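# Chain and residue survey
In case you want the letters, here they are:
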Amino acid sequence: MRGAAPPGDRPVSNPNQKSFPVTWDQFHRDSRALAWRLAGIGPFEAVVAIARGGLVPAAIVARELNIRTVETVAVKSYDHQNQGGIRVLKEISQPVLDIAKNGGKVLIVDDLVDTGATARVVRDMLPGAHFATVYAKPKGRELVDTFITEVSQDTWIFFPWDLDVAYVAPISGGTD
Ligand SMILES: O=P(O)(O)OC[C@H]1O[C@H](OP(=O)(O)OP(=O)(O)O)[C@H](O)[C@@H]1O
Ligand code: HPA
Ligand SMILES: [Mg+2]
């Protein structure tokens, strides 16, 4: 989720959705848990991060599993919380496609799978690769080989890079 609209103009939450905010600490812990799970599946010769959301978990997984070849594929599908058409802004480089073609294990990492539209497009680029995400929603879950936490389809996950520390009103509804 991202956008250039000025603060105040931007709908930051949807009343029909539950909200699941994730701190940096939690995200690091969950990404490490993903790395632990993947450690038994590799070794992987290369990791492909789906930019931008997959960049942070891919870096953490690459560090934990000592994967030195780190590639990106850039896919854009959401404006704020609205899904538009999928656009591939950067393709996977030929040397990484060749690793897979020559039988090497390639790992694809994203922050989450929601409808599965992004996963479908990237899987088609690297059909034999292992697809891993930190979080998964039911609609896209079948497209992921390994994930850590499932949330319901009507939950919006707020990642730490999209958050700031802010005042929150008390549960009782008073001002403080
Ligand atoms: O399963 P889907 O319905 O396709 O949704 C999941 C994708 O949506 C988000 O990316 P987004 O396109 O918002 O771009 P970003 O990674 O740059 O935030 C998220 O990072 C996943 O890549
Ligand atoms: O729940 C989500 N959170 C952040 N970005 C997303 N892109 C698709 N679904 C989500
Ligand atoms: Mg993304």
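Just above sits the structure.
Sequence order sets the numbering: in each chain, residues are counted from 1 along the sequence as written. The naming scheme follows written order: chains are lettered A onward, ligands numbered 1 onward. Where totals are concerned, whole chains, interfaces and linings use all residues; where local detail is concerned, this predicted model gives features only for residues with pLDDT of at least 70, and gives and counts side-chain atom pairs only at 80 or more. The side-chain values count all of the structure's non-hydrogen atoms but skip hydrogen atoms and water molecules.

## A look at the packing of aromatic side chains
Defined as follows: Under the pairing criterion, centres of Phe, Tyr and Trp rings, with the six-membered ring standing for Trp, must be within 6.5 Å; the plane angle then separates stacked pairs below 30 degrees from edge-to-face pairs above 60, leaving the rest tilted. Here a helix means four or more residues in a row that DSSP labels H or I, a strand means two or more in a row labelled E, and each is numbered from the N terminus. Only protein chains enter the calculation, and the probe is 1.4 Å; a residue is then buried if its accessible area is under 20% of its type maximum, exposed if over 50%, and partly exposed in between.
Under the definition given, this model contains 7 aromatic pairs. Ring centres of Trp 24 and Trp 161 lie 5.8 Å apart, and the angle between their planes is 50°; this geometry places the pair in the tilted category. Of this pair, Trp 24 sits in helix H1 (residues 24-39) while Trp 161 is found in the segment after strand S8 (155-158), placing the two residues 137 residues apart along the sequence. Trp 24 sits in the partly exposed class, given a relative accessible area of 47%. Measuring from centroid to centroid gives 6.2 Å for Phe 27 and Tyr 135, while their planes differ by 50°, and the two rings are tilted. On the criterion of sequence distance, the pair formed by Phe 27 in helix H1 and Tyr 135 in strand S6 (residues 130-136) is long-range, its members being 108 residues apart. Ring pairs connect the aromatic residues Phe 20, Trp 24, Phe 27, Tyr 135, Phe 159 and Trp 161, which therefore count as one cluster.

## Concerning the sheet that holds S6
For the record, the criterion: For two strands to count as paired, DSSP must find a minimum of two bridges between them. Every axis corresponds to a line fitted to the C-alpha atoms, with the helix fit spanning only the stretch in contact, and the corresponding angles, defined between N-to-C directions, vary from 0 to 180 degrees.
Across the sheet, 6 strands lie side by side as S4-S3-S2-S5-S6-S7; this open sheet has mixed pairing. At either margin of the open sheet sits one strand with a lone partner, and together these are strand S4 (82-90) and strand S7 (146-150). The mean inter-strand angle of the sheet, taken between neighbouring strand axes irrespective of direction, is 20°. Relative to strand S3 (residues 70-79), strand S2 (residues 46-51) runs parallel, the two being bridged by 5 bridges. The residue bridging Val 48 from the neighbouring strand is Glu 71, located in S3.

## Focus on the site of ligand 1
The condition that has to hold: Nearness is judged by heavy atoms alone; a residue qualifies as near a molecule or strand once a single heavy atom is within 4 Å of it. Pairs of N or O atoms within 3.5 Å make up the polar contacts considered here, provided that, within protein, one atom can donate a hydrogen while the other can accept it, and that residues adjacent in sequence are counted only when both atoms are side-chain atoms. Values of accessible area rely on a 1.4 Å probe in the Shrake-Rupley scheme; residue burial ignores everything except the protein chains shown. Classification convention: Asp, Glu, Lys, Arg as charged; Ala, Val, Leu, Ile, Met, Phe, Trp, Tyr, Cys, Pro as nonpolar; all other residues, Gly among them, as polar.
As a structural note, the neighbourhood of ligand 1 is formed by 19 residues, with Tyr 78, Asp 110, Asp 111, Thr 115 and Thr 118 the closest of them. A distance of 2.7 Å separates an oxygen atom of ligand 1 from a polar side-chain atom of Asp 111. One nitrogen or oxygen atom from the main chain of Asp 114 is found 2.8 Å from an oxygen atom belonging to ligand 1. Relative to its unbound accessible area of 500 Å², ligand 1 is 95% covered by the protein chains. For the shell around ligand 1, the secondary-structure elements that each account for two or more residues are S3, strand S5 (106-113) and helix H4 (117-125). The residue makeup of the shell around ligand 1, split by class, is 7 nonpolar, 6 polar and 6 charged.

## A look at the pattern of salt bridges
Pairing between side chains becomes possible if they bear opposite charge and their charged atoms approach one another. The test is simple: Salt bridge, as used here: a side-chain nitrogen of Lys or Arg that lies within 4 Å of a carboxyl oxygen of Asp or Glu.
Throughout the structure, instances matching the rule amount to 8 salt bridges. Lys 18 is the salt-bridge partner of Asp 154, the closest N and O atoms lying 3.3 Å from each other. Taken together, the residues span a long stretch of sequence, with Asp 154 in the loop between S7 and S8 and Lys 18 in strand S1 (residues 18-21) at a distance of 136 residues. With relative accessibility at 32%, the residue Asp 154 sits in the partly exposed group. In this structure, Glu 150 engages Arg 141 in a salt bridge whose closest nitrogen and oxygen atoms are separated by 2.7 Å. The partly exposed category is assigned to Glu 150, whose relative accessible area is 36%. Overlapping salt bridges, with partners in common, bring together Arg 32, Arg 63 and Glu 64 in one network.

## So, the environment of Glu 91
Our working rule: Any two residues whose heavy atoms approach within 4.5 Å at even a single point are treated as in contact.
If you trace the backbone, Glu 91 turns up in the loop between S4 and helix H3 (94-101). On the basis of relative accessible area, Glu 91 is assigned to the exposed category, the value being 53%. C-alpha of Glu 91 to C-alpha of Val 122: the two residues are 31 residues apart in sequence and 9.3 Å apart in space. Beyond its immediate chain neighbours, meaning those up to four positions away, Glu 91 contacts Glu 71, Thr 72, Val 73 and Met 125.

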